[in-house]
Amino acid sequence: MATSNGTVHASDSKASLSTDSETKIKAKPRIERNRVLVSGGAGFVGSHLCTYLVERGDHVICIDNFFTGSKENIAHLIGKTNFELIRHDVVEKILLEVDQIFHLACPASPIHYKYNPIKTIKTSFLGTMNMLGLAKRTRARFLLTSTSEVYGDPLEHPQTESYWGNVNCIGERSCYDEGKRAAECLTFDYQREHGMEVRVVRIFNTYGPRMALDDGRVVSNFVAQALTGQQMTIYGDGQQTRSFQYVSDLIEGMVRVMDGPYAGPFNIGNPTEFTMLELAKVVQEVVNPAAEIVFRENTADDPSRRKPDISKVKKALGWEPKVPLREGLARMVDDFTKRLDVTRPPVPDKPVTA
Ligand code: NAD
Ligand code: UDP
């Protein structure tokens, strides 16, 4: 018997077959695992998700075109019997048999999505349509990783899921923002038109080990700069805000939404808000007190503030983040220190506060 997400349990499958002569032929017992597709699985978030799912015992199929992801991110999974890697661009269709699809494939850092904006919006729209088409054919449950960028430069603060956003539809960021908004639209249209099981999470700024060293996002930039003795580059006056979530909190939230009964959309983020200047000072404190701060011109349409209201997901699924910024940064620094091949600068022994 198939469950709501299409998984067939061993106890329900026939263990033996009767022939005409009533001779019993033993059927091979099927290894029953949840077959989970992770698009963009070789990226920062995707690699942590693949690791979690493989450890849980699912059969994980990771597809990625390695635009911003890398094989190093998933090297520890290669060779495991319940992990497969396929080089594939989600703009093209793919035929697979799966029970769940976590759809992450899309560049996420502003420098990467602005690098080839037409490809970015194609990835968001066509990639999501192809993954939804696959979910429809296989009756898989589908989860879209949307973004806090659907709120644009928000006029409501903090942002709740019912806020419709303030996006410049012809700006430099719109290939990503409008791409994700269209992806959300497609996802809910597939649900309405085809009765599919869909889930949508709107992810707020997330950081952690395995972020690409040249990723360009603020936390990885500051940590890499502080570790290598460069100046930390604050864009603009540093008064713009973001709320930073550690990657393990995100993975727990995504899995809880996928396995839960509600479509969402759900904000998944850490509501503790920092200005970029405050963030730079925390990085000085945790990583390198000698790291200097320098101010550079900001980019166009930079959202002035961002903070998730997470009461919806907390009430529906009991999820909330656990890892405070200073603790998450310390874990990330260990990983960056190894990959940058640097000696960590001495930091004064301070208690971890918040
Ligand atoms: P990332 O750039 O590290 O990972 C994206 C992955 O998708 C990479 O491995 C990349 O090679 C792959 N990819 C890109 N285009 C593809 C294509 N056409 N076909 C196949 N693979 C493709 O970014 P991330 O931070 O891990 O983000 C993962 C997802 O989460 C993205 O959809 C992003 O929009 C969303 N998200 C992330 C954050 C965050 O703070 N990390 C915030 C909001 C939303
Ligand atoms: N930012 C910064 N210095 C950097 C990189 C980014 O001050 O080296 C700022 C950027 O202008 C924005 C904030 O940090 O205001 C978050 O930028 P990021 O690219 O990390 O994510 P997003 O803009 O998508 O939230």
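Quick caveat: nothing in here was measured; it's all calculated off a predicted structure. (Residues numbered from 1 in each chain as written. Chains lettered and ligands numbered in written order. Predicted model: local features only at pLDDT ≥ 70, side-chain atom pairs only at ≥ 80, totals over all residues. Heavy atoms only, no water.)

**Side note on the overall build of the chain**
Each helix and strand in the chain was counted, giving nine helices and 15 strands. Looking at the chain as a whole, 51% of its 354 residues are labelled buried. In the chain, of all internal contacts separated by at least 6 residues, the share reaching a separation of at least 24 is 79%. Working note: accessible area of the chain is about 16600 Å², and carbon and sulfur atoms make up 53% of it. (Helix = DSSP H or I, 4+ residues; strand = E, 2+ residues; numbered from the N terminus. Buried < 20%, exposed > 50% of the residue type's maximum accessible area, 1.4 Å probe, protein only. Contact = heavy atoms within 4.5 Å. Areas by Shrake-Rupley, 256 points an atom, 1.4 Å probe, with all protein chains shown as cover.)

**Considering the confidence of the model for the chain**
Chain-level statistics for the chain give a pLDDT mean of 91 and a share of 89% at 70 or above. Between residues 1–21, whose pLDDT stays under 50, and residues either more than four places distant or in other chains, the model counts 33 contacts. (pLDDT = per-residue confidence, 0-100.)

**Let's talk about the pairing of strand β6 (residues 100–103)**
The side chains of a regular strand alternate, first on one face of the sheet and then on the other. By the alternation rule, side chains of β6 split into Gln100 and Phe102 and Ile101 and His103, which are all buried. Note: strand β3 (residues 35–39) against β6, four bridges, orientation parallel. Directly across from Val38, in β6, lies its bridge partner Phe102. In terms of strand pairing, β6 meets strand β7 (residues 141–147) through four bridges, oriented parallel. The residue bridging Phe102 from the neighbouring strand is Leu143, located in β7. (Pairing = 2+ DSSP bridges.)

**As for the environment of Asp177**
Along the chain, the position of Asp177 falls in helix α4 (residues 174–194). Along the backbone, Asp177 and Ser146 are 31 residues apart, and their C-alpha atoms lie at a distance of 9.2 Å. When residues no more than four places from it in sequence are discounted, the contact partners of Asp177 are Glu149, Val150, Gly152 and Val167.

**Let's talk about the site of ligand 2**
Neighbouring residues of ligand 2: 18 residues in total, closest Val218, Thr233, Arg242, Asp302 and Arg306. In the environment of ligand 2, an oxygen atom lies 2.7 Å from a nitrogen or oxygen atom belonging to the side chain of Arg242. The side chain of Asp302 places a nitrogen or oxygen atom 2.7 Å from an oxygen atom of ligand 2. Where the shell around ligand 2 is concerned, the elements lending two or more residues are α5 (218–227) and β10 (232–235). When its residues are assigned to classes, the shell around ligand 2 shows six nonpolar, six polar and six charged. (Near = heavy atom within 4 Å. Polar contact = N/O pair within 3.5 Å; in protein donor to acceptor, adjacent residues only side chain to side chain. Nonpolar A, V, L, I, M, F, W, Y, C, P; charged D, E, K, R; others polar.)

**Some details on the site of ligand 1**
The immediate surroundings of ligand 1 are formed by 29 residues, with Asp64, Thr68, Leu104, Tyr176 and Lys180 found nearest. Note that a nitrogen atom of ligand 1 is positioned 3.0 Å from one of the backbone N or O atoms of Val90. For ligand 1, an oxygen atom lies 2.6 Å from a polar atom in the side chain of Tyr176. In isolation ligand 1 has 820 Å² of accessible area, and contact with the protein removes 97% of it. The set of elements that each furnish at least two residues to the shell around ligand 1 consists of α1 (44–56), β7 and α4. Examining the composition of the shell around ligand 1, we find that three residues originate from one element, β7, more than from any other.

**So, the sheet that holds β3**
If you trace the seven strands from one edge of the open sheet to the other, you get β5-β4-β3-β6-β7-β8-β13, paired in parallel fashion. Each edge of the open sheet carries a strand with a single partner, namely β5 (83–87) and β13 (266–268). Each strand axis lies, on average, 20° off the axis of its neighbour in the sheet, ignoring direction. Where β3 lies against strand β4 (residues 59–64), five bridges are found, and the strand directions are parallel. Note that in β4 the partner of Ser39 across the bridge is Ile63. Sheet strands touched by α4: β7 and β8 (198–203). Its angle to β7, the strand with the most contacts, is close to 155°. (Axes fitted to C-alpha atoms, helices over the stretch in contact; angles between N-to-C directions.)

**Remarks on the environment of Leu329**
Residue position: Leu329 is located in helix α9 (residues 325–340). Leu329 sits 121 residues away from Gly208 along the chain, and the two C-alpha atoms are 7.2 Å apart. For Leu329, the contacting residues outside a window of four places in its chain are Tyr207, Val219, Val223, Val282, Val283 and Val286.

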